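Structural overview for review
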Amino acid sequence: MVGIRSSCDQILRSTYIIMEWIDKGYVLTTRYHGENSLIVSLLTEKNGKSSGLVHGGGSSKRRGIYQPGNFLDIIWKARLPDHLGTYRCELIRSHAANFLDAPLPLLALSSAVIILERALPEREPDRELFKKFGLLLKVLREVDWAPSYVRWELDLLTNLGFGLDLSKCAVTGCAEELTHVSPKTGKAVSEEIARPYADKLLVLPRFLLKSGFDEDLRDLINGFALTGYFLQRHVFGGKPDALPIQRERMIAALT
Amino acid sequence: MSGNEIEQLIKLFARLPGLGPRSARRVTLFLIKRRESLMLPIANALRLAAEAMVPCSLCGNIDTIDPCAICNQERRDRSQICVVEDVADLWAMERAGVFSGRYHVLGGTLSAIDGRGPEELNIAQLVERASEQFVEEVILATSATVDGQTTAHYVSDRLTNCDVTISRLAHGVPVGGELDYLDDGTISAALNARRTL
C-alpha cells in the first residue's frame with residue numbers, strides 16, 4: 001500500500017511538478033486563516049524563514065504544536081515555488097511549554113521570535129542564525145539568560161550584515177579599554193578617545209568584550225540599549241515602534 | 001438561480017463557523033421548507049437577541065441585561081474573580097459547573113503580531129474590581145499558550161498592588177490522557193506542577 005502510494009506520488013510529481021521540501025524548523029508566528037487554519041511562519045534550517053498554510057492548525061487539538069519556539073519536522077508542498085504552499089508538521093520539541101511559567105524568559109522568547117519575523121527576509125537560508133536561535137532557546141532556561149539574549153541580538157545584527165566591530169578602537173586601533181561604540185559606524189571607541197564625546201556615544205557593556213557576566217545591571221541595560229539602537233536603525237529602518245513591546249517590557253522587568 | 005434575498009442569506013450563512021457555501025445552501029433550503037415553524041422564529045429570535053444583547057459593564061460578559069445574570073446572582077462568591085480570555089471560556093467554565101465565584105472577560109490576549117496591547121483589553125477594570133475590599137482571590141484562567149500566559153503574567157503584574165491572592169489554572173496531563181501520547185512540554189509542565197499525595 002505504501003509502495004503504491006509512493007509511486008503515485010512520484011507520478012504526480014513528474015507530471016505536475018509538485019514542489020516539496022522536507023526540513024526542520026522553529027515556529028515564529030501564527031495567524032488565523034479562516035476558522036481553523038493557520039498561516040505559520042517558520043525559521044527553517046535549509047529554507048530560511050518561510051510561511052505556509054496549515055489546514056486545521058488552529059483547532060484545539062493542533063494549536064499547541066504551533067506555539068512560538070516549538071521545534072517541528074516540516075513537509076512543505078505547493079504547486080509552484082512562488083505559492084504560499086501548505087505545511088504538514090510534527091512536533092519534535094515543545095520549547096514554548098518550558099517558558100509558560102517563567103514571565104521573563106517568556107517575554108524574551110516572544111521578543112526574539114517577533115524580531116526574527118520582522119527582520120528576516122523570506123526564504124533566505126542561514127544555518128548559523130538557525131543554530132544560534134536554537135542555542136538561545138536552550139540558554140533561556142538558565143538563570144543568567146539576559147546577557148546571552150543581548151549577545152544573540154548582537155549576533156543577529158552580524159548575520160544580517162550590520163555587525164558591530166568591537167574588537168578594536170576605530171580611531172587608535174588599540175584593543176584595550178574599549179568603553180563606547182560610535183552610533184554612526186558601529187565601531188568601538190577607547191575610553192580616552194570617547195571622553196569628549198561620551199554623551200553622543202553608546203556605552204559598550206563589559207560583558208560583550210569577554211565571556212561571563214559580572215551581574216552588573218547597568219551593563220545589561222547598556223547592552224540592550226546598544227543592540228536596540230542598531231536593530232532599530234539598521235534592521236527596521238528607524239521605524240519608532242519596530243522593536244516589539246515585549247522587549248521593552250522584558251527590559252523594564254529586568255531592571 | 002435564486003432571488004437576491006436568498007443569495008444574500010446563503011452568503012451570510014456561509015460566514016458562520018463550520019459552514020461553507022455548500023452547507024449554507026443546505027441550511028437555507030432547510031429553512032425555506034420550514035418557513036413558518038423555523039425560519040420566522042429564528043429571524044425573530046435573532047432580531048430580539050441582536051437588539052437586547054449588551055456587554056456587562058462589570059465583567060465584560062455578553063448578556064441581555066446589564067449587569068449580566070452571573071454578576072446579578074447573589075449566591076455567587078464575591079471574593080473570587082476568574083479571569084478568562086473570552087465569553088466562550090466563561091461559558092466553558094459555567095458548563096463545568098465547578099466555579100461559584102464571579103468572572104472577568106478580558107476580550108482576548110496581548111499579541112504583538114496582531115497589534116493588541118493592554119489598552120485593547122479589559123484590564124483596567126479588572127484592577128478596579130480586584131481593589132474592592134471583599135475580593136480575596138483572582139484566578140487567571142487564560143489559555144496555556146505563549147500569548148495566553150504572557151497576558152496572565154502581565155495581568156498578575158498589574159494586580160501586585162491589590163491585596164489579593166493571584167492564582168492560575170494548573171497545566172499538565174488532561175483527564176483521560178495517556179503519558180505516551182503527550183508532548184514533552186506538557187509532560188514537563190505536569191512534572192513541575194506535581195503535588196504530594
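Throughout, a residue's number is its position along its own chain's written sequence, starting from 1. Lettering of chains starts at A and numbering of ligands starts at 1, both following the order in which they are written. Predicted model: local features are reported for residues with pLDDT of at least 70 only, side-chain atom pairs are reported and counted for 80 or more only, and whole-chain, interface and lining totals are derived from all residues. Here the side-chain values reflect all heavy atoms present in the structure, with hydrogen atoms and water set aside.

Two residues qualify as a contact provided that any one of their heavy atoms is within 4.5 Å of a heavy atom in the partner residue. Every contact between the two is made by 23 residues of chain B and, on the other side, 27 residues of chain A. Summed over both partners, the accessible area lost on bringing two parts together, with a 1.4 Å probe, is the buried area. Summed over both sides, the interface of chain B with chain A buries roughly 1,800 Å², with 58% coming from carbon and sulfur. The rule for a salt bridge is simple: a side-chain nitrogen of Lys or Arg has to be within 4 Å of a carboxyl oxygen of Asp or Glu. At the junction of chain B with chain A, the criterion picks out 2 salt bridges. Any N or O atom pair separated by 3.5 Å or less is treated as a polar contact, with the protein-specific requirement of one donor-capable and one acceptor-capable atom, and with residues adjacent in sequence counted only for side-chain atom pairs. Linking chain B to chain A there are 6 residue pairs in polar contact (both at pLDDT 80 or more). Here the term charged refers only to Asp, Glu, Lys and Arg, the term nonpolar to Ala, Val, Leu, Ile, Met, Phe, Trp, Tyr, Cys and Pro, and the term polar to all other amino acids, Gly among them. The residue inventory of the side of chain B that touches chain A, partitioned by class, reads 9 nonpolar, 10 polar and 4 charged.

Residues and elements named next belong to chain A. One finds Leu116, Phe133 and Tyr149 to be the most contacted residues of the largest nonpolar core, which totals 59 residues. Helix numbers and strand numbers start at the N terminus; a helix is a DSSP run of H or I with at least 4 residues, a strand a run of E with at least 2. Sort the elements by how many residues they give to this core and helix 3 (residues 103-119) lands first, with 10 residues. What marks off one domain from the next here is an automatic or database domain assignment. Here this core spans two domains, and each of domain 1 (19-94) and domain 2 (117-166 + 204-254) adds at least three residues to it. In contact with Tyr149, not counting residues within four places along its chain, are Ala108, Ser111, Ala112, Ile115, Leu136, Phe224 and Met250. Side-chain atoms within 4.5 Å link the members of a nonpolar core, which is a set of buried Ala, Val, Leu, Ile, Met, Phe, Trp, Tyr and Cys residues. For each residue, the accessible area found with a 1.4 Å probe, counting protein chains only, is set against the maximum for its type, and the residue is called buried under 20%, exposed over 50%, and partly exposed in between.

For the rest of this paragraph, the subject is empty space enclosed by the protein. Buriedness of a pocket was judged along seven lines, with at least five required to meet protein on both sides within 12 Å; pockets are open sets of points on a 1 Å grid over the protein atoms alone, cavities are sets where a 1.4 Å probe fits but cannot get out, and lining residues have an atom within 4 Å of a point. Grid points are joined across faces, edges and corners, and a volume is the space filled by probe spheres set on the points. Scanning the model with the defined rule gives 1 cavity of 30 Å³ or more in all. A volume near 50 Å³ is recorded for the largest cavity. Every residue lining the largest cavity is listed: Ile245, Gln246 and Arg249 of chain A together with Leu110, Ser111, Ala112, Arg116, Gly117 and Pro118 of chain B. For the lining of the largest cavity, the per-class residue count stands at 4 nonpolar, 3 polar and 2 charged.

With that settled, the discussion passes to the domain arrangement of chain A. Residue and element names in this part refer to chain A. According to the domain assignment, chain A consists of domain 1 (19-94) and domain 2 (117-166 + 204-254). The C-alpha centroid of domain 2 is placed 25 Å from the C-alpha centroid of domain 1. Interface area, domain 1 with domain 2, both sides summed: about 1,500 Å², of which 57% is carbon and sulfur. Sorting the residues of domain 1 by area buried against domain 2 places Tyr26, Glu45 and Lys49 first, and these three jointly supply 43% of that buried surface. Inspection of the domain 1/domain 2 interface yields 8 residue pairs in polar contact (both at pLDDT 80 or more). Those elements that place two or more of their residues in the side of domain 1 that touches domain 2 are strand 1 (19-33), strand 2 (37-44), strand 3 (48-54) and strand 4 (71-78). Of the residues contributing to the side of domain 1 that touches domain 2, the split by class is 7 nonpolar, 10 polar and 5 charged.

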